[in-house]
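Observations on the model geometry
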Amino acid sequence: MPIAPPLATDLPPLLRTVRFGRPLRWLAETGSTNADAAAWAVEGVAEGAVVGAEHQTAGRGRHGRAWSDAPGMNLLFSVVLRPPLPPERLGLVPLAAGVAVAEAVAPWVAPVVPQLKWPNDVLLGGRKAAGLLLEGHLAPGTPSTLVLGLGLNVNQPDFPPEIVGGATSLALEAGRPLPRAPLLADLLLALERRYDALLGGDEAGVCAAFEARMAGRGIDAAVAFAEDGRPPLRGTLLGVDPTGALRLATPDGPRLVAAGEVTFQKGKLRREK
Ligand code: BTN
């Protein structure tokens, strides 16, 4: 599929990163940029390589769900990562990425304040504006090769009936359409900075920044475990631990959750702004 202007031509002069987005492939249409980036990683492309697309025909979300998009409206891209971190620290990568996306988006939607729903959904006004999907291979003894995919609703004006109540876009929150190339440049810079800080040992900084933006902190929630069929765990959201696991106060005492899906009781989530 050919490269899709104008993003492919508009981005390079705006790019302020050292590694992220270098090299960059931007496609008019593809199945999934995560799949494309994984294939590129197998070919040996450098860390930071980005594959983006104007439209995905088989976009992947967390928990085996599909990720749909309105062609040409949003930002859909994947970054190749090779973090030299032990497996128990990899849980912080998606958290750091969520923090970076929230930080990059914040000036574009002010005074709306982006929040993070653990592990890494970005919410605006209590609705999901972005999702991150980390996929990869963990080979003991070698740096893991991971693909971090971001789906950010930028200018999409409406959503399919099945998600309409829970989804939003930056344009809907900001009240105006937003230019995608400078936004993409901001996103790649924020992602690179938070990722590099994490590799440099700033785990506490990532956790503190995550908790400062954490949606539903201090309120009751349920954590579902679709993958293994365990019953949901109910409790009060406390924060995250140094590995990125969710800290929950349950009636049976404190619990840590490494993977799962958080839901709040309707109307419980406080809207920032
Ligand atoms: C989620 O379920 O919230 C994660 C959604 C991630 C979607 C993005 S879009 C770009 C990249 N390619 C994919 O197939 N998925 C991710």
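Below you will find a few notes about this structure. This one's a predicted model, so the numbers in the text were calculated from it and none came from an experiment.

Now for the overall build of the chain. In terms of regular secondary structure, the chain is built from 6 helices and 12 strands. In summary, the chain has a C-alpha radius of gyration of 18 Å against a globular reference of 19 Å for 273 residues, a match within 12%. Overall, the chain is about 55 × 50 × 30 Å in size when its C-alpha atoms are taken along their principal axes. Within the chain, the proportion of its 273 residues that are buried is 52%. Working note: accessible area of the chain is about 12100 Å², and carbon and sulfur atoms make up 57% of it. Both charge centroids of the chain, one from 27 positive and one from 27 negative side chains, sit 5 Å from each other.

With that out of the way, let us pick up the site of the ligand. Taken together, 19 residues lie near the ligand, and Ser-32, Gln-56, Arg-60, Arg-62 and Lys-128 sit nearest. Ser-32 places a side-chain nitrogen or oxygen 2.7 Å from an oxygen atom of the ligand. At a separation of 2.7 Å, a nitrogen atom of the ligand approaches a polar backbone atom of Arg-60. The protein chains hide 98% of the 420 Å² of surface that the ligand would expose on its own. Contributions of two or more residues to the shell around the ligand are made by helix H2 (33-42), strand S3 (75-81), strand S6 (127-137) and strand S7 (145-152).

Right, let's get into helix H3 (residues 92-109). With 18 residues, H3 ought to run about 26 Å at 1.5 Å a step, and its terminal C-alpha atoms sit 26 Å apart, in line with that. The buried fraction of H3 amounts to 16 of the 18 residues, a majority that puts the element mostly inside the structure.

Another aspect to go through is the packing of aromatic side chains. One pass over the full model with this rule turns up 1 aromatic pair. Residues Phe-20 and Tyr-195 carry aromatic rings whose centres are separated by 5.7 Å and whose planes lie at 45 degrees to one another, so their mutual orientation is tilted. A residue pair is termed long-range when its members are at least 10 positions apart, and Phe-20 in the loop between helix H1 (7-10) and strand S1 (24-27) and Tyr-195 in helix H5 (residues 180-199) qualify at 175 residues. For Phe-20, a relative accessible area of 2% puts it in the buried group.

Further remarks concern the side chain of Ser-169. As for its position among the elements, Ser-169 is in the loop between S7 and helix H4 (170-174). Every residue in contact with Ser-169, bar those within four places of it in the chain, is listed here: Leu-124, Asn-153, Val-154, Asn-155, Gln-156 and Phe-159.

Here the focus is H5. Two residues of an α-helix separated by three or four positions point the same way, owing to the 3.6 residues in each turn. With 20 residues, H5 should reach 28 Å at 1.5 Å per residue; the first-to-last C-alpha distance of 28 Å fits that figure. With 14 of its 20 residues buried, H5 lies for the most part within the structure. Remark: Gly-201 follows H5 within two positions and exhibits a positive phi of approximately 105 degrees.

Parameters and conventions
- Residues numbered from 1 in each chain as written.
- Predicted model: local features only at pLDDT ≥ 70, side-chain atom pairs only at ≥ 80, totals over all residues.
- Heavy atoms only, no water.
- Helix = DSSP H or I, 4+ residues; strand = E, 2+ residues; numbered from the N terminus.
- Rg over C-alpha atoms; globule rule 2.2 N^0.38 Å.
- Buried < 20%, exposed > 50% of the residue type's maximum accessible area, 1.4 Å probe, protein only.
- Areas by Shrake-Rupley, 256 points an atom, 1.4 Å probe, with all protein chains shown as cover.
- Lys, Arg positive; Asp, Glu negative; His and termini not counted.
- Charge placed at Lys NZ, Arg CZ, Asp CG, Glu CD.
- Near = heavy atom within 4 Å.
- Polar contact = N/O pair within 3.5 Å; in protein donor to acceptor, adjacent residues only side chain to side chain.
- Expected span 1.5 Å × (residues − 1).
- Phe/Tyr/Trp six-rings, centres within 6.5 Å; stacked < 30°, edge-to-face > 60°.
- Contact = heavy atoms within 4.5 Å.

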